[in-house]
Amino acid sequence: MLDLMPQIGSVSAILACYLVLTWRPRRPQHAGGGEGALTVWQLVAHVEAERRQRESGGRHRLREPAESTSDCPGLPQELQQRVLDGLRRL
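Given the structure is predicted, the values throughout are model-derived calculations rather than measurements.

Cut-off values and rules
Residues numbered from 1 in each chain as written. Predicted model: local features only at pLDDT ≥ 70, side-chain atom pairs only at ≥ 80, totals over all residues. Heavy atoms only, no water. Helix = DSSP H or I, 4+ residues; strand = E, 2+ residues; numbered from the N terminus. Buried < 20%, exposed > 50% of the residue type's maximum accessible area, 1.4 Å probe, protein only. pLDDT = per-residue confidence, 0-100.

**What to know about the overall build of the protein chain**
A count of helices and strands for the protein chain gives three helices and zero strands. Starting at the N terminus and ending at the C terminus, the protein chain contains elements arranged as α-α-α. Looking at the protein chain as a whole, 1% of its 90 residues qualify as buried.

Shown next as structure tokens:
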């Protein structure tokens, strides 16, 4: 029996190495995205576009008023005051 110990040990070691290298638990595999599925690169591009939109200030953000380029001034002060007085009476 003691004479067989080295052979049993080497067979056990070889079997253990084989099992460690080849045995893997079964994991679910993706069978394909199908129509309308997005790739990683499409998702990255979408996120980058959203980031650029946030940085540039989307339409929901407050904006500085545009400077008037016309030569015509706004409403006269007297007319503005009359409109305000009329609104206060409401």
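Picking up where we left off.
**Some points on the confidence of the model for the protein chain**
Mean pLDDT over the protein chain: 77, with 69% of residues reaching 70 or higher. No element of the protein chain has a lower mean pLDDT than helix H2 (residues 40-56), at 85, and none a higher one than helix H1 (residues 5-22), at 88.

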